[in-house]
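Descriptive analysis of the structure
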Amino acid sequence: MSMHKAATDRPQLTVVPPPGAGRHKARGRRRKGFALHGTFRHLYISPALLFVAVLLYLPFLWTAYLSLTSYDGLASPEFSGLDNYRRLFEDDALLTSIRNTLLWVVGTIVLPVGLGLLVAVLSYDLKRGAWFRLPFLLPYAMSGAGLGVIWGFILQPDGMANQILTLLGMPGGDTAFLQDGPGNTIAMIVVWTWQQLGVNMLLFVVGLQSIPRAPIEAARIDGASGWSMFRHVTWPLMRPITTVVLGLALVAGLKNFDIVWVMTQGGPGRSSETLAVTMYRDVFVANEYGYGSAVAVLLTTITGLASYVYLRRQVGREELS
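What counts, and at which threshold
Residues numbered from 1 in each chain as written. Predicted model: local features only at pLDDT ≥ 70, side-chain atom pairs only at ≥ 80, totals over all residues. Heavy atoms only, no water. Helix = DSSP H or I, 4+ residues; strand = E, 2+ residues; numbered from the N terminus. Buried < 20%, exposed > 50% of the residue type's maximum accessible area, 1.4 Å probe, protein only. Contact = heavy atoms within 4.5 Å. Salt bridge = Lys/Arg side-chain N within 4 Å of Asp/Glu carboxyl O. Axes fitted to C-alpha atoms, helices over the stretch in contact; angles between N-to-C directions. Nonpolar A, V, L, I, M, F, W, Y, C, P; charged D, E, K, R; others polar. Phe/Tyr/Trp six-rings, centres within 6.5 Å; stacked < 30°, edge-to-face > 60°. Lys NZ or Arg CZ within 6 Å of the ring centre and 35° of its normal. pLDDT = per-residue confidence, 0-100. Expected span 1.5 Å × (residues − 1). Patch = residues over 30% accessible without salt bridge, like charges linked within 9 Å, V, L, I, M, F, W, Y side chains within 5 Å. Areas by Shrake-Rupley, 256 points an atom, 1.4 Å probe, with all protein chains shown as cover. Core = buried A, V, L, I, M, F, W, Y, C linked by side-chain atoms within 4.5 Å.

**Section: the overall build of the protein**
From N to C terminus, the protein includes 15 helices and two strands. Within the protein, buried positions represent 35% of all 321 residues. Nonlocal contacts in the protein, meaning residues at least 24 apart in sequence, comprise 65% of its contacts between residues at least 6 apart.

This is the structure:
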């Protein structure tokens, strides 16, 4: 009994973990988890990368290859080097397409974006301004093909526009809206403005709603109003949404196709063609897949470079500000 009691009375030694040992162990588990996440992080984005590669990169590479060949869509492609690209710079119709494409870029930036901004600013503080903006937004529900069909009938030589002018006894009742270039391109840009103004207006209204009220109230206290308020306070605060709207307008102007093809099919002759219409005509009408692919590569290059330069300028402005 005495020996057992002595053994039980002996003080027990307990190991006390050093301070922070539990935290180090938990941190080690977290690091292991992060390491596991880092090891497999590429697997999470691989489906999206595969999707982009299959639908974007591979078709572009195939198009770039076809642009170096002579191919009619039936026989096997025959490598021809840079012949298609040499032909590009000798084609007068291509120069007309480039001119019209530039007109579309300028027109889609100036008219739909400028008028959309104007309507958004003027109607923002109006009572029941949403009802004022509704008629501008409704045309956006139409497709480009439907828009082209309707306005094609209106602007024909014997269409509704000329008939109304003649009925009212006004000059211009025999105006050739779609018969002469570049006037036909300008007429189609005006039609495009009628459709696109509403969505640009809506985006600018969203930008106005996102502006904090504090800078506006402070500027009003300082006496700013009207154009001074818009130029020095409202417009700088709307820069993020303006970047988006201008970027979308830039790309839309470069790749515009459906309204031009439906209204004029690039005619009369080839006076209203854009690069997108030229590409479609050469590939699917003339069956010159090699030359059409060269036009597609040119259009893609111009669009990519224009987007890159525009985004770089916007990023530079954000860094400076």
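Picking up after the structure, the text goes on.
**With respect to the pattern of salt bridges**
Tallied over the entire structure, the rule returns six salt bridges. Across the pair R270 and E273 runs a salt bridge, and its minimum N-O distance is 2.9 Å. Across the pair R281 and E273 runs a salt bridge whose closest N-O atoms are separated by 2.4 Å. When salt bridges with common partners are traced through the structure, they connect R213, E217 and R220 into a single cluster.

**Things to note about the packing of helix α6 (residues 129–137) against helix α9 (residues 183–209)**
In the contact formed by α6 and α9, the axes pass within 7 Å of each other and the chain directions differ by 140°. Facing α6, whose interface residues are R133, F136 and L137, α9 presents L197, G198, V199, M201, L202 and V205. In terms of residue class, the contact of α6 with α9 is built from seven nonpolar, one polar and one charged.

**Describing the environment of L299**
You can see L299 is positioned in helix α15 (residues 289–320). Separated by 45 residues in the primary sequence, L299 and L254 place their C-alpha atoms 7.7 Å from one another. Every residue in contact with L299, bar those within four places of it in the chain, is listed here: L254, L275 and A276.

**Some details on the packing of aromatic side chains**
Summed over the entire model, instances satisfying the criterion amount to eleven aromatic pairs. Here the aromatic rings of Y71 and Y289 are separated by 5.5 Å at their centres, their planes lie at 55°, and the arrangement is tilted. On the criterion of sequence distance, the pair formed by Y71 in the loop between β1 (69–70) and β2 (78–79) and Y289 in helix α15 is long-range, its members being 218 residues apart. Ring geometry for F230 versus W235: centroids 5.9 Å apart, planes at 40°, classification tilted. Here a set of aromatic residues connected by ring pairs shows up, and it is made of F257, W261, Y280 and F284. A cation over an aromatic ring shows up here: R87 above the ring of Y291, its NZ or CZ 3.9 Å from the ring centre.

**Looking at the side chain of T185**
Note that T185 resides in helix α9. Among residues more than four places away in sequence, those in contact with T185 are N100, L103, W104, S271 and S272.

**Some points on the confidence of the model for the protein**
This prediction gives the protein a mean pLDDT of 83; 85% of its residues lie at or above 70. Scored below 50 in pLDDT, residues 1–8 shows zero contacts in the model against residues more than four places distant or in partner chains. A low-confidence stretch, residues 28–36 (pLDDT under 50), is modelled with zero contacts involving residues beyond four sequence positions or located in other chains.

**Examining α9**
With 27 residues, α9 should cover 39 Å at 1.5 Å per step; its first-to-last C-alpha distance of 38 Å lies within 8% of that length. Here α9 lies mainly inside the structure; 19 of its 27 residues are buried.

**Structural notes on a nonpolar patch on the surface**
A cluster of nonpolar side chains, namely L50, F51, V54, L55, L56, Y57, L58, F60 and L61, defines an oily patch on the protein surface of about 950 Å² accessible area. Relative to the assigned elements, L55 resides in helix α3 (residues 41–66).

**Points about the nonpolar core**
Among the nonpolar cores identified, the biggest contains 20 residues, and A120, F204, M229 and M238 are the most heavily contacted of them. If you list the elements that add at least two residues to this core, you get α5 (92–124), α9, α10 (213–221), α11 (226–237) and α12 (239–255). Broken down by element, the residue count for this core peaks at five residues, all from α9. Residues contacting A120, with those up to four places away along its chain left out, are M201, F204, V205 and L208. Core analysis: the next-biggest nonpolar cluster, separate from the first, contains 17 residues, L147, I154, I259 and M263 among them.

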